[in-house]
Amino acid sequence: MGGKGASVHTDGSISGQVVVGDRNIVVHADRGSTVTLRTEGPPPIRRRGSPAGRRIPARGVALVGRDEQLAHVAEWLAEGYPVQINGPAGCGKSALLRHLVADHAADDREVVLLSAAGLPVEDVVEDLFHACYDAEDYKPDPARRRRLMGSVQALLAVDDFEGSDDDLAALLDAAPGCDVVIACAEHREGAEGRALRLDGLPEEAALALLARKLDRSLDDDERASARRFTAAVHGNPSALVQAAAALRAADRHPGAAEPAGFALTEESVAVGLAGRLSEPAARLLNLIDAFRPLPVSGTLLEAMAGDVNRQALEELESLGLVRAEGDGLRLGGRSAGLVVARLGSGHRADEFTPAITTWVRTRSHRRAIAAQAAVIRHALNASARAHDHAAVRELARAAAPALARTLRWGTWHEVLELGRSAARASGAVEDEAYFAHEEEVRRKVLGVTAGLAITSAATGGAALGHAAAMPAKAGLAAVAGNPAVLGAAVAALLAGGFYTAFAVGGNGEPPDATGSAPVASPRLVVPSPSLSDLPTWSSPGMTVTMTPPPSHGPGPHVSKVPNSGSDSPVPSSPTVLESKVSDGSQYCPPATAVPDSGDAQFGPVTAGEGQESVSFSFAWLKCDNESSLSVRDQAAWSVRRTSCPPALEEERCVFSVTFRPPRPGDYQTRVTVLDDWGRPTVQLDVSGTAVDGDTAMPTPTDT
C-alpha cells in the first residue's frame, strides 16, 4: 500500500471472478484485477420465482389523510405512467411508498422495493437486475439486460432516489416491463410520467394522526392548541409524530423538560426530547446523524461505537428519532436533526473512517461490505473534504476489491477516483498505480460492453458511434428493440475484422504510474480494416465518414537517436483519420492512421548490447487515452510517454520507442494508443534489424 499504510487483510471471499458482458474479470484483493475474453459465452442465469430486494412490508393500518394521493398514483400506474412522489423531508414520501408496495404485495402482484440512498444509478440498476434474476457475479451488457428485464412485469418502487433526469431515464430504460414509482425530494422536470407533490396533512387529518399516536382522543382545549401546532409545522407528519412522542414521554415522566399540554413548538419538542435522552442514546443518535440520511447497518454501528446499547436503541425508536430500514438504522423524522443540534455534541463522518476501514478489512463476507457502499462513499467524501489523504487512501484500497467483486461498479468508480486523488496528494505511488490500473480495467470493460451505440437510421441503415454522443435511453432502447439492427451491426463488425482482447502487461501487476518505465496497463488489440474498406455511416442528425490520410503530406515525424536511451522529441504534423458529426463536434477515430512516409525503421543494432530510441508525436485529443500506450512485442521493444498529455491542449503528444533486440534478426511490431472507448487512436508499425556483435564491427583491410 504505497509503503505508507498497513496491508489489506481481506477474507478470501473478496478475491474471485465476475463476468461482465463477455469478459471474465478476476479480482485480486491485493494485486488488482485482470481481464480475459470469454470463449464460452455468457453464464447461465434463471428468473427468480419472486423478486428479491428489500423486505416488503406487511399491509398495516391505513395512512391518515392520503386516500386521494394513493388513488392518483394507482390511476397513473394503471395507465402505464412512471410516477414520482416529491416533497420535503418528513412529509411521508417513504410511508406512502411502503403502503403502496404492501397493497400490491397483498394482492399477489410482484413487487421490487429498492433504496437508492447514496448510490449511483448504475448500482441501482444492478440491484434491480439481481433482484429479478439469480445471476450472482454476472453483469450483462446493457442490451441483454434490457431484453431480460423486458419479461419482468412488476411494480418497481425506489425510495430516496437522488439522480438526475438522465439517471431517471436510465432507470426507466432498465425496467421496460415494470410499473415504476420513485420517491425523491425534488421533481425531475425533464422526466417522463406523472408527479405527485406531497405536502403536509390537512388540519383534520393532522389532528387524527396526533390522536392515533397519542393513543387517545383530544378534548376541546387540546384540539385548539393542536391546531396551532399543526399550522406551525404545516401539517408535517414527521413533526406531528415526534411531538406526540415527546408528549407521551412527558406524561410518563412529569419531571422531564417538557411544556404542558399542546403548548408546543418544534424547538420545544426538540428541547423536550433532548432532555429525555439517556447518555448512551444521545451518543448513538449523534453517530447515526453523522451519516444522515443514510441507513447504517447494525454491525457497522457496533464497529464504530464499540457496542450498541439495545436499551438506547429502543429508546430512540420509541421517540421516533431513528427508524429501521432494511438491515440498518437511519435518522427518523424532521425533528431528529433539531434534537442533535440541541445536544450540541455531534460527530462528523470522517471521524469514523478508520473504524470503517478496520470493519471492511475484517468483514467475513464481501456482500456485507457492498451493502454499506453508500456509507463507505459518504465517509470517503467526508475525509476528502477534511484533506485526510491517508484515511481516504486506506479505506478506498480496502473497499475497492469488494465493490468490484459485488458489481457495485458505480460506487467502485467513485472510490477509485477518491483513492487515486488521495494517493497522488500523499505521494503513495504504489497505491496511485493500483487505483489507476483498476479504473482502467473498469473503463475498458464497460467501454467495450457499451461503447458502440447502435441506432436505426432513417434510411434503414445503422449508425455506429461513441455511446457518449447519444442519450443512453435512446441507444439502449434501439439495441433491445431492433434485433435486425443489432444483427447487422454485429455482422459488420465481424466482416471488418473487429476483434477485441484484453491483456495485462507482463506479470499481471498494476502499471507503473510514474511514466518513467514502459507502460503495461490493460490494453485492447484491435486489428483494423484496410483504408479502402472504411465506410460512411449515417443516422438522423449524424454522418460519420472515415477519411484516409492525404496522398502527399507528412506523417508522424521520426527522429533517431542512435544507441541512446534518451529522447529528442521533435513536434510534427499528425496524420489521423477524422470522424465528423453534423453538429460540428469531433470524436476520436475508430481506425488507425498509417504514415504516408512508411514505417519507422530501426538499426542495425547490436543484439543483446545496443539499443536505439525513436521519438514520434501526434495531435493530442481529449478522448485519447495516453496511459494505454503499448507495444505488441515487449521482448525487443519498449515504449514510454515523454510529454503526453501535453501541458497545453493545442500541443502535441510525444512518445518514445526503444529497440533492444535480444538476438540477431529482423523485428517488426506495432505501437498502439487507444481512445477512451478502447479503439485505436494511433497505430504505428515499426521494424528493426539486429546484428551480431562481430558483424557490426568494421572489417580491417590489408594495405
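A quick note: this is a predicted structure, and the numbers were derived from the prediction, not measured. (Residues numbered from 1 in each chain as written. Predicted model: local features only at pLDDT ≥ 70, side-chain atom pairs only at ≥ 80, totals over all residues. Heavy atoms only, no water.)

**Focus on the overall build of the protein**
For the protein, the count of helices and strands is 22 helices and 30 strands. Looking at the 703 residues of the protein, the share that counts as buried comes to 51%. Summed over all atoms, the accessible surface of the protein reaches about 30,100 Å², with 51% contributed by carbon and sulfur. (Helix = DSSP H or I, 4+ residues; strand = E, 2+ residues; numbered from the N terminus. Buried < 20%, exposed > 50% of the residue type's maximum accessible area, 1.4 Å probe, protein only. Areas by Shrake-Rupley, 256 points an atom, 1.4 Å probe, with all protein chains shown as cover.)

**Concerning the environment of valine 415**
For valine 415, the position within the fold is in helix α18 (residues 409-426). Each C-alpha atom, one on valine 415 and one on alanine 373, is 9.5 Å from the other, the two residues being 42 residues apart in sequence. Residues contacting valine 415, with those up to four places away along its chain left out, are Leu380, Ala396, Ala400 and Leu403. (Contact = heavy atoms within 4.5 Å.)

**Notes on the environment of serine 335**
As for its position among the elements, serine 335 is in helix α13 (residues 334-343). With 94 residues separating them along the chain, serine 335 and valine 241 place their C-alpha atoms 9.5 Å apart. Apart from residues no more than four positions distant in its own chain, serine 335 is found in contact with Ala239, Gln242, Glu266 and Val269.

**What about the pattern of salt bridges?**
Within this structure, the stated rule accounts for 40 salt bridges. With a shortest N-O distance of 2.9 Å, aspartate 103 and arginine 59 are connected by a salt bridge. Linking aspartate 103 in helix α2 (residues 93-106) with arginine 59 in the loop between β4 (46-47) and α1 (67-78), this pair joins segments that are 44 residues apart in sequence. Of the charged contacts in the structure, one is a salt bridge between arginine 283 and glutamate 279, with a shortest N-O distance of 3.1 Å. Highlighted residues: arginine 283 and glutamate 279, both in helix α10 (residues 279-289), separated by 4 residues, approximately one helical turn. We classify glutamate 279 as exposed; its relative accessible area is 57%. (Salt bridge = Lys/Arg side-chain N within 4 Å of Asp/Glu carboxyl O.)

**Quick look at the sheet that holds strand β12 (residues 296-297)**
Spatial ordering of the open sheet is given by β12-β14-β13, a layout of 3 strands whose pairing is antiparallel. Every other strand in the sheet has two partners, leaving β12 and β13 (322-325) as the edge strands with one partner each. With 2 bridges joining them, β12 and strand β14 (residues 328-331) adopt antiparallel strand pairing. For valine 296, the partnering residue across the bridge sits in β14 and is leucine 329. (Pairing = 2+ DSSP bridges.)

**Concerning the sheet that holds strand β5 (residues 83-86)**
Taken together, 5 strands build an open sheet; the order of strands is β6-β9-β10-β5-β11 and the sheet is parallel. Taken across any chain shown, the strands that pair with only one partner, and hence form the sheet edges, are β6 (111-115) and β11 (194-197). For this sheet the average axis-to-axis angle between neighbouring strands, irrespective of direction, equals 15°. Of the pairings in the sheet, the one linking strand β9 (residues 155-159) to strand β10 (residues 179-184) comprises 4 bridges and is parallel in character. By the bridge assignment for β10, leucine 155 is matched with aspartate 179. Most of the contacts of α1 go to β11, to which it runs at about 175°, and overall it touches β5, β9, β10 and β11. (Axes fitted to C-alpha atoms, helices over the stretch in contact; angles between N-to-C directions.)

**Some words on the nonpolar core**
With 125 residues, the main nonpolar core has Leu156, Leu171, Phe291 and Ile356 as its most contacted residues. Looking at this core, the element that brings in the most residues is helix α17 (residues 389-405), giving 9 residues. With residues near it in sequence (within four places) discarded, leucine 156 still touches Val112, Leu114, Leu128, Leu171, Ala175, Cys178, Asp179, Val180 and Val181. Phe602, Val639, Phe659 and Val686 belong to the second-largest nonpolar core, a separate cluster that totals 24 residues. (Core = buried A, V, L, I, M, F, W, Y, C linked by side-chain atoms within 4.5 Å.)

Interpretation note: all reported values are geometric properties and have no functional meaning in isolation.
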